[in-house]
Amino acid sequence: MRIFSIFLFLVFHFSIFAQTRTIFGLVTDESGEPLIGASVNCKGIAEGVVTDIAGRFQIEIADEKVTLIISYTGYETIEKVIKKSDSEVVIKMREGVVLDEVVV
């Protein structure tokens, strides 16, 4: 019985520190069209997700304030701070610098 009590204590003790929550979001361009395949990452964490065909994503984050980094080819990268009160975000991306064609 004592080993079982110690096991329960350890499980509950460490689960307090591992609290996560799910953030739902939508990534669009300036006109409101969804961006398919945009990268969504948490700053400082290697794992991330990509948006689906409707521009939507869901990502598990620590239950604290974190910064999401959203990037898409041809658009400016955005850093969005997610607060504890946020559960859903909408991100509108602006087109980036257009480069001239280079002939070699």
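Residues numbered from 1 in each chain as written. Predicted model: local features only at pLDDT ≥ 70, side-chain atom pairs only at ≥ 80, totals over all residues. Heavy atoms only, no water.

(A) Representation of the sheet that holds strand β6 (residues 78-82) within the structure. In spatial order, the strands read β3-β2-β5-β6; together these four strands make up an open sheet with antiparallel pairing. Taken across any chain shown, the strands that pair with only one partner, and hence form the sheet edges, are β3 (48-50) and β6. Sheet twist, expressed as the average angle between the axes of neighbouring strands with direction ignored, equals 25 degrees. Two strands pair when backbone bridges link them, and strand β2 (residues 39-42) and β3 are joined in this way by three bridges, in the antiparallel orientation. The residue of β3 that forms the bridge with Asn 41 is Gly 48. (Pairing = 2+ DSSP bridges. Helix = DSSP H or I, 4+ residues; strand = E, 2+ residues; numbered from the N terminus. Axes fitted to C-alpha atoms, helices over the stretch in contact; angles between N-to-C directions.)

(B) Region of interest: the environment of Ala 62. Positionally, Ala 62 belongs in strand β4 (residues 56-62). The class for Ala 62 is partly exposed, based on a relative accessible area of 32%. A sequence separation of 40 residues divides Ala 62 from Thr 22, and the C-alpha atoms of the two residues are 8.8 Å apart. (Buried < 20%, exposed > 50% of the residue type's maximum accessible area, 1.4 Å probe, protein only.)

(C) View of the nonpolar core. In terms of nonpolar packing, the biggest core is built from 17 residues, with Val 27, Phe 57, Ile 61 and Leu 68 touching the most fellow members. When contributions to this core are tallied by element, the ones reaching two or more residues are β1 (20-29), β2, β4, β5 (66-71) and β7 (88-93). Aside from chain neighbours lying at most four places away, what touches Ile 61 is Gln 19, Thr 20, Arg 21, Ile 23, Cys 42, Val 66, Leu 68 and Ile 82. (Core = buried A, V, L, I, M, F, W, Y, C linked by side-chain atoms within 4.5 Å. Contact = heavy atoms within 4.5 Å.)

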